[in-house]
Amino acid sequence: MTTTTSTEPKVPAPRGGSADAADGRERVSAFWSLSRAMLLGMKRDRTATFFILLFPLVFLVFFGSVTKGSSTPHAKVAQVGAVKLFDSMTGEGRSELDKVLTITRTDDEAGTLEKVRKGDFDAMITQGADGKVELRYTAADQVRAGALQGIFNSVVQEANQQATHQAPAYVVDAQQVEDKSLKPIQFLTPGLLGWAVATGAVFGAALTLVNWRKTKVLRRLRLAPISAGTVVSSRILVSLLTAFLQTGVFLVVATSFFGLKLTGNWWLVLPLVACATLAFMSIGLLAGSVARTEEAANGISQVIVLPMSFLSGSFFPMDGAPGWLQTVSKVMPLHYLVDSAQSVLTRGGGVTDALPTMGGLLLFAAVLTGIAWKLFRWEDA
Amino acid sequence: MTAAISADGIRQRYGDVQAVDGVSLTVEAGEFYGILGPNGAGKTTTMEILEGVREPDEGRVELLGMAPWPRNPKLLPRIGVQFQASAFFRKLTARETIRTFASFYGVGPKRADAMLERVGLADKAETLTEQMSGGQAQRLSIACALAHDPELVFLDEPTTGLDPQARRNLWDLLRDINDEGRTVVLTTHYLDEAEVLCDRVSIMDHGRILHTGAPAALIREIDDTVRISVASGQLPVERARELLAAAGADVATLEDDTVSLSVSTRLPAPVLSVLAEQNALRGLEVRGATLEDVFLQLTGREFRA
């Protein structure tokens, strides 16, 4: 060894345990340096960065691209021969119809029917000499099939009505209440964001705890004169920064590339994400307290996060799910995050919508942290 | 002056295994104290109880006049603990690692960097701890334990798994640490390490301390049997037995393993003269007792590291 005591300028400091006396001018904060250590470690861990940031984004890009522009049930219809019903339509009525239908004229009835079966056309329309309009459609896409039938029924009824030369007795004026721009990206963004935040916070807390216990970093922290509060709060800071970074990236990507339209109170998503992060961290803390190995912590976290994401409507809306499943989803913190995030991001929800959710999430975090505290172990027994 | 460590009757049981079975010891301030024993002897558990990370089933411990259990924040800045495993944060460089740990004690980056240089890692400051060799990681671990200038240092098997050169370098460092007036407690399963470094050694096996003393004194206390060996093939073993008996030599063991002819005796002079008369001194080696013999004597079996 080249460095020995003789070349070392430092002389043993006076005994007495006051380490700060040795260099009182240097001020250091255990809280900031611990937070910095965790952030640096995370930044340099490519796998962690991928799963926390890029993987959810890949999902957003994937779902966003797949569903882009598919919200209007534009149908391709083949018209065989003359169909007086359509041919006679002119002006406004015709242009309204062209918005939802693309009508192609053919003469080969059998061949066209085959094309409908294969899905090249959504429907085929013919009209007999007796005035009977025949519609043959494919039910491969049930929503579109339903819409088609509705369109044709109304066209036929309107034509019938005009033929009687009487004013209609009843009229329906239907209008959508949401912003007309409620495209899939409007519910995909809050859903996938919720999933990303849950993944980051649950796995982050669980794996850190187990890794620290296994490598004895936890023992080192315990043997250092810093409080548990310092350790916990710096871990919270790191998780919050991660969650905000995820939120920022998600909103930027969704608004710039997929036409997400934010409503007035969208900033409320930040306190919502913060409260949810605490709730997810408490789940991770519990998983990390129970698990002995990183593999176990990983497994437990996965078993919690994935079903929770599906049940909370992260990937698709839960409106169509059976009632009992919706009830199950109501005990999950992610359900409330997704719900409220949707409300404030895309449906003009305000503080009064977000506050109860925040309170609930914090309560959830408090209860689970309490349980985790009871199960917490400094050492592998 | 209060003793650096005083432990009295500590016991710890894991299920069916009595890991520590009534250990009492006193370490004076400034002493280099070794706990020597094979794997599974209870050294690590004893250390953990002394450090205050484990509560003993029974017994009482005081470090620098204070109880280490329950966690005592007043005591913590005065002790430094080096870990058997390399307990570092993930993906940090050596410099970032020691600065982080130093900050927990209110110690600034300058002192942390100085300590890194002290253990000869200045040129490895920007290396991630995951990419360091075993010896470098051990030195970093020791530097982290020393950054806050503790008066009592615990080292748990610091040289395990190091190559001979790295071990010797580390020994120099440990001796310097002790020379500065720090009390050092070291566990090891290397007898030579204890012999070279420690002022006093406790030999431990099956959770008990069998004997405590200065290494030289321990060796002297047991029968000083001298082991004399020469190269095989110079003197048949039967002939040697006859000659030695005729010369009145007190022979404990006599054997020929086809490489050496070895004789253990308390009185080397007559044995040596017999061998000289027979002109059978090629490859002569005379060796006194070592800690290994002490261990054999105390436990009745070979030392197994």
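Residues numbered from 1 in each chain as written. Chains lettered and ligands numbered in written order. Predicted model: local features only at pLDDT ≥ 70, side-chain atom pairs only at ≥ 80, totals over all residues. Heavy atoms only, no water.

*Asks:* Explain the overall build of chain A here, please?
*Replies:* Counting secondary structure elements, chain A contains 14 helices and four strands. Counting only residues that meet the buried cut, chain A has 41% of its 381 residues in that class. Total accessible area on chain A stands at roughly 20,400 Å², and carbon and sulfur atoms take up 62% of it. (Helix = DSSP H or I, 4+ residues; strand = E, 2+ residues; numbered from the N terminus. Buried < 20%, exposed > 50% of the residue type's maximum accessible area, 1.4 Å probe, protein only. Areas by Shrake-Rupley, 256 points an atom, 1.4 Å probe, with all protein chains shown as cover.)

*Asks:* When you look at the UniProt feature "transmembrane region" (unreviewed entry) in chain A in this model, what are you seeing that I'm missing?
*Replies:* All names here are of chain A. When the UniProt feature table is mapped onto this chain, "transmembrane region" (unreviewed entry) is found at residues 48-66, 192-212, 236-260, 266-287, 299-318 and 354-376. A distance of 32 Å separates the end C-alpha atoms of residues 266-287, which is 86% helix and 0% strand. For residues 354-376, the helix share is 96%, the strand share is 0%, and the end-to-end C-alpha distance is 32 Å. (UniProt positions renumbered as here; feature names shortened; annotations may be inferred.)

*Asks:* What should I look at first to understand the sheet that holds strand E12 (residues 260-265) of chain B in this one?
*Replies:* Residues and elements named next belong to chain B. As summarised here, the arrangement of the four strands in space is E11-E12-E10-E13, forming an open sheet in which the pairing is antiparallel. The sheet terminates laterally at strand E11 (251-256) and strand E13 (285-287), the two strands that pair on one side only. This sheet shows a mean twist of 15° between the axes of neighbouring strands, independent of strand direction. (Pairing = 2+ DSSP bridges. Axes fitted to C-alpha atoms, helices over the stretch in contact; angles between N-to-C directions.)

*Asks:* Even after reading the chapter, I still don't get the packing of helix H4 (residues 134-146) of chain B against helix H5 (residues 164-179) of chain B, so can you show me in this structure?
*Replies:* For any two helices packed against each other, one specifies the crossing angle of their axes together with the interaxial distance. Residue and element names in this part refer to chain B. Close contact between H4 and H5 brings their axes to 11 Å; oriented N to C, the two are set at 10°. When the axes of H4 and H5 are compared, the pair comes out roughly parallel. Contacts between H4 and H5 pair Gln 138, Arg 139, Ile 142 and Leu 146 from the former with Leu 170, Leu 173, Leu 174 and Ile 177 from the latter. Among the residues forming the contact of H4 with H5, the class breakdown is six nonpolar, one polar and one charged. (Parallel < 35°, antiparallel > 145°, perpendicular 65-115°, else oblique. Contact = heavy atoms within 4.5 Å. Nonpolar A, V, L, I, M, F, W, Y, C, P; charged D, E, K, R; others polar.)

*Asks:* Quick question: what am I supposed to make of a nonpolar patch on the surface here?
*Replies:* Residue and element names in this part refer to chain A. Side chains of Val 290, Ile 300, Val 303, Ile 304, Leu 363, Val 367, Ile 371 and Leu 375 sit close together on the surface and give an oily, nonpolar patch of about 670 Å² of accessible area. If you tally residues by element for the nonpolar patch, the top one is helix H14 (residues 351-375), at four residues. Among the secondary structure elements, Ile 371 is positioned in helix H14. (Patch = residues over 30% accessible without salt bridge, like charges linked within 9 Å, V, L, I, M, F, W, Y side chains within 5 Å. Salt bridge = Lys/Arg side-chain N within 4 Å of Asp/Glu carboxyl O.)

*Asks:* What is the right way to look at unusual backbone geometry in this model?
*Replies:* Backbone geometry follows two general trends: most residues other than glycine have a negative phi, and most peptide bonds adopt the trans configuration. Residues Trp 69 of chain B and Pro 70 of chain B are joined by a peptide bond in cis, for which omega reads -5°. As for its position among the elements, Pro 70 of chain B is in the loop between strand E4 (58-63) and strand E5 (79-82).

*Asks:* Help me out: how do you make sense of the sheet that holds strand E7 (residues 183-188) of chain B in this one?
*Replies:* Each strand in a sheet pairs with another by means of backbone hydrogen bonds, the pair being arranged parallel or else antiparallel. Residues and elements named next belong to chain B. With mixed pairing, the six strands of this open sheet are ordered in space as E5-E6-E7-E3-E8-E9. Pairing within the sheet leaves two strands with one partner each, and these edge strands are E5 and strand E9 (208-213). Mean inter-strand twist for the sheet, computed between neighbouring axes without regard to direction, equals 15°. Both strand E8 (residues 200-205) and E9 contribute to a ladder of five bridges, which runs antiparallel. Note that in E9 the partner of Met 204 across the bridge is Ile 209. Across the sheet, helix H10 (residues 291-299) is in contact with strand E3 (32-36), E8 and E9; its angle to E8 comes to roughly 40°.

*Asks:* What is the right way to look at the packing of helix H1 (residues 30-44) of chain A against helix H9 (residues 228-257) of chain A in this model?
*Replies:* All names here are of chain A. At their nearest, the axes of H1 and H9 sit 9 Å apart, and the two run at 45° to each other. In this view, H1 runs oblique relative to H9, as classed from their interaxial angle. Seen along the crossing, H1 lies across H9 with a hand that is right-handed. Note on element contacts: H9 touches H1 through Thr 230, Val 231, Ser 233, Ser 234, Arg 235, Leu 237, Val 238, Leu 241 and Thr 242, opposite Ala 30, Phe 31, Trp 32, Leu 34, Ser 35, Met 38, Leu 39 and Met 42. (Left-handed = near helix turned anticlockwise from the far one by under 90°.)

*Asks:* Which parts of the structure should I look at to understand the interface of chain A and chain B?
*Replies:* Counting from both sides, the interface comprises 40 residues of chain A and, opposite them, 51 residues of chain B. Linking chain A with chain B are three salt bridges, by the criterion used here. Linking chain A with chain B are 12 residue pairs in polar contact (both at pLDDT 80 or more). Of all elements in the fold, only H1, helix H7 (184-214) and helix H8 (217-223) of chain A reach the threshold of two or more residues within the side of chain A that touches chain B. Examining the composition of the side of chain A that touches chain B, we find that seven residues originate from one element, H1 of chain A, more than from any other. For the side of chain A that touches chain B, a count of residues per class yields 17 nonpolar, 10 polar and 13 charged. (Polar contact = N/O pair within 3.5 Å; in protein donor to acceptor, adjacent residues only side chain to side chain.)

*Asks:* Got a minute to help me understand the side chain of Thr 230 of chain A in this structure?
*Replies:* Residues and elements named next belong to chain A. Mapped onto the fold, Thr 230 is located in helix H9. Among the residues examined, Thr 230 registers a relative accessible area of 18% and is labelled buried. Among the polar contacts made by the side chain of Thr 230, one reaches the side chain of Ser 227 at a distance of 3.0 Å.

*Asks:* Whenever I open this one, the domain arrangement of chain B confuses me. Can you help?
*Replies:* Taken as a whole, chain B is organised into domain 1 (5-220) and domain 2 (225-288). Placing a centre on the C-alpha atoms of domain 1 of chain B and another on those of domain 2 of chain B gives a separation of 43 Å. (Domains from an automatic or database assignment.)

*Asks:* Would you mind going over the environment of Arg 292 of chain A with me for this structure?
*Replies:* Topologically, Arg 292 of chain A is positioned in the loop between helix H10 (269-290) and helix H11 (294-311). Using a relative accessible area of 48% as the deciding quantity, one classes Arg 292 of chain A as partly exposed.

*Asks:* For this particular structure, what's the right way to read the pairing of E5 of chain B?
*Replies:* Residues in a regular strand point their side chains to alternate faces of the sheet. Residues and elements named next belong to chain B. Of the two faces of E5, both are covered, the one formed by Ile 79 and Val 81 as well as the one formed by Gly 80 and Gln 82. Of the strand pairs in this sheet, E5 and strand E6 (residues 152-156) are connected by four bridges, and their pairing is parallel. Note on E6: the bridge partner recorded for Ile 79 is Leu 152.

*Asks:* Could you clarify how one ought to interpret the environment of Ala 140 of chain A in this entry?
*Replies:* Structurally, Ala 140 of chain A can be placed in the loop between strand E4 (133-137) and helix H6 (142-164). Distance in space between the C-alpha atoms of Ala 140 of chain A and Gly 313 of chain A is 25 Å, their sequence separation being 173 residues.

*Asks:* When you look at the pairing of E4 of chain A in this model, what are you seeing that I'm missing?
*Replies:* Residues and elements named next belong to chain A. Summarising the sheet, strand E3 (residues 123-127) and E4 pair through five bridges and their orientation is antiparallel. Opposite Ala 123, over in E4, you have Tyr 137 as the bridge partner. Hairpin connection between E3 and E4: a loop of five residues separates the two successive antiparallel strands, and Gly 131 in this loop has a positive phi of roughly 90°.

*Asks:* Explanation requested: the nonpolar core in the structure shown.
*Replies:* One recurring pattern in soluble globular proteins: nonpolar side chains tend to sit buried together. Judged by nonpolar contacts, the single largest core of 93 residues is most densely connected at Leu 221 of chain A together with Ile 5, Phe 89 and Phe 104 of chain B. Among all residues touching Leu 221 of chain A, those that are not within four sequence positions of it are Leu 34, Trp 212, Ile 226 and Val 231 of chain A together with Arg 71, Phe 89 and Phe 104 of chain B. Counting residues in hydrophobic clusters, the runner-up holds 48 residues, among them Ala 198, Phe 258, Val 273 and Met 281 of chain A. (Core = buried A, V, L, I, M, F, W, Y, C linked by side-chain atoms within 4.5 Å.)

*Asks:* I keep staring at the side chain of Ser 312 of chain A and nothing clicks. Help me out?
*Replies:* Residue and element names in this part refer to chain A. Here Ser 312 lies in the loop between H11 and helix H12 (323-329). Reaching out from Ser 312, the side chain makes a polar contact with the backbone nitrogen of His 335 at a distance of 3.2 Å. Beyond its immediate sequence surroundings of up to four residues, Ser 312 is in contact with Met 318, Met 332, Leu 334, His 335 and Val 338.

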